[in-house]
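Here is how the chains run, residue by residue.
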Amino acid sequence: MKKDSKKVIYWLLIGCLLIFIMVIVGGITRLTHSGLSISNYKLISGTLPPMNEAEWHEAFDLYKQYPEYQKLNNHFNLQDFKDIYFWEWLHRFIGRMIGIVFLLPFLYFLITKQLTKPTIKKAIILLSLGAFQGFMGWYMVKSGLVDIPDVSHYRLAAHLTTAFVTFAYTFWVALDLMFPNKKEINIKFRNLIRWGLALLLLQIIYGAFVAGLDAGFIHNHWPMMSEGKFMHETVYIEQTPLYKNFIEGKSGVQFAHRILAYIVVLFIVVIWLKSKKLTLTKIQTKSIHVLLLMVGVQFLLGVFTIILQVPVWLGVAHQIGAFFLLSIMTFTLHRFSK
């Protein structure tokens, strides 16, 4: 059989699509505060949701034993619980499907010798990233089951960033098979795009910090950050040492996220300007133009998300925008790599 055929490419792209869907559902889960509704983890038996009233009451009774119900949601009835349970269950269900979609076809392609050695190595890395992503999901949830009914924003950032990195790497492997022949490139320009990708990943991490700290609900003005109110408390930069304000303080984290947005936009504008001085292929030119367009769209989504105080649909749209921006940046870098 032909190695690294179109079937292998389709397999990888389907994996990319499923990760994309999972990121969307994960965003909805976070914005609807549904992430702590399932207080245990059962890899096999947890695949199906409760199937009758007795099982629903059992799941609800388990939820009542943890801080989120006791401190925040003790007014919930069974229907309220079902509403938040759905999103967390769906998020976990898609995660299980991703594991199956990556593992079973990989074993089939491996047994039938349809993969080259470099692709086998890359696929093993993908499987490892997927397993680590699943672990990070449960590790994140565990942080919200003790004392404080909210997950650690550090663990949330690690969980989300791992998902984005897993997608980007899967997409990169698919691109390697789709475009096996690469031309000589301008090393300095390629490195510029690499720095742009690094900045974008840092911005994604800070986006997770904002989500994890609910920092989008304060300073809901643009371009200035007016004094904000959250839980009826005035928000100031007040932590010591000072740097902690920019990784743990709501105001500081939102400020860093805003500044990084300007930097990412500026950096991509620089990439676009420098590309005009180079002799490029048609696909390289298009990728940079789309990159410039997408960063503008994502910047506007971020502004309106803040101004409108993070409505669920706009928060999800902003996360989707980050996903598309990473996709285009990955594609652009691939087209300028040896």
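Just above, that's the structure.
This write-up is about the structure you can find in this document. (Residues numbered from 1 in each chain as written. Predicted model: local features only at pLDDT ≥ 70, side-chain atom pairs only at ≥ 80, totals over all residues. Heavy atoms only, no water.)

So, unusual backbone geometry
With glycine set apart, most residues show a phi of negative sign, and most peptide bonds adopt trans.
Working step 1: Here the bond from Trp222 into Pro223 is cis, since omega is 10°, no more than 30 degrees from zero.
Working step 2: Position of Pro223 among the secondary structure elements: in the loop between α7 (187–212) and β1 (229–230).
Working step 3: Residues other than glycine seldom take positive phi values, yet Asp147 does so here, at roughly 65°.
Working step 4: A residue is classified by how much of its surface remains accessible, and Asp147, at 53% relative accessible area, is exposed.
Working step 5: In the Ramachandran plot, Val310 falls in the positive-phi region, its phi being about 55° despite a non-glycine side chain. (Helix = DSSP H or I, 4+ residues; strand = E, 2+ residues; numbered from the N terminus. Buried < 20%, exposed > 50% of the residue type's maximum accessible area, 1.4 Å probe, protein only.)

Digging into a nonpolar patch on the surface
Working step 1: Together, Trp222, Phe255, Ile259, Tyr262, Ile263, Leu300, Phe304, Ile307, Leu308 and Trp313 make up an exposed nonpolar region whose accessible area comes to about 980 Å².
Working step 2: If you list the elements that add at least two residues to the nonpolar patch, you get α8 (250–275) and α9 (282–307).
Working step 3: Ranked by residue count, the leading element in the nonpolar patch is α8, at 4 residues.
Working step 4: Along the chain, Ile263 turns up in helix α8. (Patch = residues over 30% accessible without salt bridge, like charges linked within 9 Å, V, L, I, M, F, W, Y side chains within 5 Å. Areas by Shrake-Rupley, 256 points an atom, 1.4 Å probe, with all protein chains shown as cover. Salt bridge = Lys/Arg side-chain N within 4 Å of Asp/Glu carboxyl O.)

Details of the packing of aromatic side chains
Working step 1: Tallied over the full model, the rule gives 28 aromatic pairs.
Working step 2: Among the aromatic residues, ring-to-ring pairing joins Phe20, Phe164, Phe167, Phe171, Phe323 and Phe324 into one connected group.
Working step 3: Sitting above the plane of the Phe60 ring, Lys64 keeps its charged end 4.5 Å from the centroid.
Working step 4: Note that Arg335 overlies the ring of Phe179, its terminal NZ or CZ placed 4.2 Å from the centroid. (Phe/Tyr/Trp six-rings, centres within 6.5 Å; stacked < 30°, edge-to-face > 60°. Lys NZ or Arg CZ within 6 Å of the ring centre and 35° of its normal.)

Quick word on the packing of helix α4 (residues 78–111) against helix α5 (residues 117–142)
Working step 1: Taken N-terminus to C-terminus, the directions of α4 and α5 make an angle of 160°; their axes are 11 Å apart at the nearest point. With respect to each other, α4 and α5 are oriented roughly antiparallel. You can see that α4 and α5 cross each other, and the crossing is left-handed. Of α5, the residues touching α4 (which contributes Glu88, Arg92, Phe102, Leu103, Phe106 and Leu110) are Ile120, Ala123, Ile124, Leu126, Leu127, Trp138 and Val141.
Working step 2: Among the residues forming the contact of α4 with α5, the class breakdown is 11 nonpolar, no polar and 2 charged. (Axes fitted to C-alpha atoms, helices over the stretch in contact; angles between N-to-C directions. Parallel < 35°, antiparallel > 145°, perpendicular 65-115°, else oblique. Left-handed = near helix turned anticlockwise from the far one by under 90°. Contact = heavy atoms within 4.5 Å. Nonpolar A, V, L, I, M, F, W, Y, C, P; charged D, E, K, R; others polar.)

As for the side chain of Arg335
Working step 1: Its place among the elements puts Arg335 in helix α10 (residues 312–335).
Working step 2: At 6.8 Å, Asp176 is the nearest oppositely charged side chain to Arg335, a buried residue that forms no salt bridge.
Working step 3: Within the structure, Arg335 has its side chain in polar contact with the side chain of His334 (distance 3.2 Å). (Lys, Arg positive; Asp, Glu negative; His and termini not counted. Polar contact = N/O pair within 3.5 Å; in protein donor to acceptor, adjacent residues only side chain to side chain.)

Some points on the side chain of Asn73
Working step 1: Here Asn73 is to be found in the loop between α3 (67–72) and α4.
Working step 2: Owing to a relative accessible area of 13%, Asn73 belongs among the buried residues under this scheme.

Some points on the pattern of salt bridges
Working step 1: Scanning the entire structure with this criterion turns up 6 salt bridges.
Working step 2: Notably, a salt bridge pairs Lys82 with Glu53, separated by 3.3 Å at the nearest N-O pair. One end of the pair, Lys82, is in helix α4; the other, Glu53, is in helix α2 (residues 53–63), and 29 residues separate them in sequence.
Working step 3: A relative accessible area of 44% places Glu53 in the partly exposed class.
Working step 4: Residue Arg92 is joined to Glu88 by a salt bridge in which the shortest nitrogen-to-oxygen separation is 2.7 Å. You can see Arg92 and its partner Glu88 sitting in helix α4, 4 residues apart, about one turn around the helix. Glu88 carries the same exposure label as Arg92, and that label is buried.
Working step 5: Within this structure, Arg30, Asp150 and Asp214 form a network of salt bridges that share partners.

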